[in-house]
Amino acid sequence: MFRILLFLCLASRLSAIEIAGSDILKETLKDIEKLPGAPKASFNGTMPARRALLEDRASIGIFFLRENEEDPKPEKGSLFNRYLLANAAAALIVHKENQLTQVNLEGLRGIFSKSARYPATNWNDLPGSNQSEIVSPIIYSPRGSFVQEFFTGFIMNGDEFRTNVKQRLEYITIQENIESRFGIAVIMPVEIITSGRVMAIADGRPGRPSVAYLPNEMNIYNGDYPLRLPLYIYVRSDKEKELGKIITWLMSDEVAERIKKQGLYPAPKAIRARLSQRLDR
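Residues numbered from 1 in each chain as written. Predicted model: local features only at pLDDT ≥ 70, side-chain atom pairs only at ≥ 80, totals over all residues. Heavy atoms only, no water.

**Student:** I tried to follow the overall build of the chain on my own but got confused; where do I start?
**Tutor:** Counting its secondary structure elements, the chain contains nine helices and 12 strands. Principal-axis analysis of the C-alpha atoms places the extent of the chain at approximately 80 × 35 × 30 Å. When burial is assessed residue by residue, the chain has 51% of its 281 residues classed as buried. Here the contacts in the chain between residues at least 6 apart in sequence split such that 72% fall between residues at least 24 apart. Counting only carbon and sulfur atoms, one obtains 51% of the accessible surface of the chain, whose full area is about 14800 Å². (Helix = DSSP H or I, 4+ residues; strand = E, 2+ residues; numbered from the N terminus. Buried < 20%, exposed > 50% of the residue type's maximum accessible area, 1.4 Å probe, protein only. Contact = heavy atoms within 4.5 Å. Areas by Shrake-Rupley, 256 points an atom, 1.4 Å probe, with all protein chains shown as cover.)

Listed below in structure tokens is the structure:
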């Protein structure tokens, strides 16, 4: 009887030390359970991961924190430490001779969203532009990428694309368009840009910064570049030392390269290395 009770106690303890995360990471981190000492992992989505943390069924949660959404806070028990793993970030690419220097989030809605308050069918429809050319919008979200889901959720609030937005072009065709069509406007992953010009983007909403930023590593990491969504690791503070090697692996160059292929932008190497060193102490 004692052995049975001991087994049940241990089983209960192990089931509480789970890794729960966004379903976008299911394939990318599928071998996390093979790490020494790794607990069971479940990548069933952001909401299930949040619930698992709050209900004390998980010690690590990995998911996106949407705008105006609060960090998970347990009603009782241990608090969570939060670490930035990556950002979903997309860039707006235009023809290299396009003279417009920046666009804000409302302008992006005007270009891509069917129900935009201020439709932008011509570049002259955008503030600061003095060029008359029909806008040719494209969204490029490679297989396994999070770009289209992120863009439609954050910029378009779930609205449909305008009928002239092309969505299923091959990359080589998009590259040809960027180089030859002056009116081109392409939303694509930051990591795969090879031609055209990257447009600076400002938030521009009431009470938000009007300064435009380019999607470089530090602007994305610091949150200055507005076309981004942070992907955080949440760790129970009382389990952080025990699960330190798991977190160190999540911050590794290996994982960083994997998530880049999904159109995600990893935290800077120096930031990840600093955290890993702290966890190894």
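**Student:** What is the right way to read the side chain of asparagine 177 from this model?
**Tutor:** For asparagine 177, the position within the fold is in helix 5 (residues 171-180). Among the residues examined, asparagine 177 registers a relative accessible area of 10% and is labelled buried.

**Student:** Please clarify how the environment of lysine 73 should be interpreted in this entry.
**Tutor:** With respect to the helices and strands, the residue lysine 73 is situated in the loop between strand 3 (60-64) and strand 4 (80-94). Separated by 51 residues in the primary sequence, lysine 73 and asparagine 124 place their C-alpha atoms 47 Å from one another.

**Student:** Quick question: what am I supposed to make of the sheet that holds strand 5 (residues 102-104) here?
**Tutor:** Sheet strands line up and pair through hydrogen bonds in the backbone, either parallel or antiparallel. Spatially, 5-9-10 is the arrangement adopted by the three strands of the open sheet, whose pairing is mixed. Taken across any chain shown, the strands that pair with only one partner, and hence form the sheet edges, are strand 5 and strand 10 (212-213). Looking at chain direction, strand 9 (residues 200-202) and strand 10 are connected through two bridges and run antiparallel. Paired with alanine 202 across the bridge in strand 10 is alanine 212. (Pairing = 2+ DSSP bridges.)

**Student:** Looking at this structure, I do not really get the side chain of asparagine 219. What am I missing?
**Tutor:** With respect to the element layout, asparagine 219 can be found in helix 6 (residues 217-222). Among residues more than four places away in sequence, those in contact with asparagine 219 are Tyr213, Leu214, Asp224 and Tyr225.

**Student:** Where do I start with the environment of glutamine 167 in this structure?
**Tutor:** Structurally, glutamine 167 can be placed in the loop between helix 4 (147-154) and helix 5. We classify glutamine 167 as partly exposed; its relative accessible area is 28%. On a C-alpha basis, the gap between glutamine 167 and tyrosine 140 in space is 6.3 Å, while along the polypeptide they are 27 residues apart. The contacts of glutamine 167, once residues within four sequence positions are left out, are Ile139, Gln148 and Phe161. Side-chain polar atoms of glutamine 167 contact the side chain of glutamine 148, separated by 3.0 Å. (Polar contact = N/O pair within 3.5 Å; in protein donor to acceptor, adjacent residues only side chain to side chain.)

**Student:** Hey, could you run me through the environment of lysine 40 in this one?
**Tutor:** Secondary-structure assignment places lysine 40 in the loop between strand 1 (19-21) and strand 2 (41-42). In this structure, the C-alpha to C-alpha distance between lysine 40 and glutamine 99, residues 59 residues apart in sequence, is 52 Å.

**Student:** Please explain the nonpolar core as it appears in this structure.
**Tutor:** Counting 73 residues, the largest nonpolar core has Ile62, Leu108, Phe151, Ile187 and Leu227 as its most contacted members. Broken down by element, this core gets its largest block of residues, 10 residues, from strand 4. The contacts of phenylalanine 151, once residues within four sequence positions are left out, are Leu108, Phe112, Ile139, Met156, Phe161, Ile187 and Leu227. Residues Ala49, Phe63, Phe80 and Tyr234 belong to the second largest nonpolar core, which totals 11 residues. (Core = buried A, V, L, I, M, F, W, Y, C linked by side-chain atoms within 4.5 Å.)

All quantities given are derived from atomic positions and should not be read as evidence of function.
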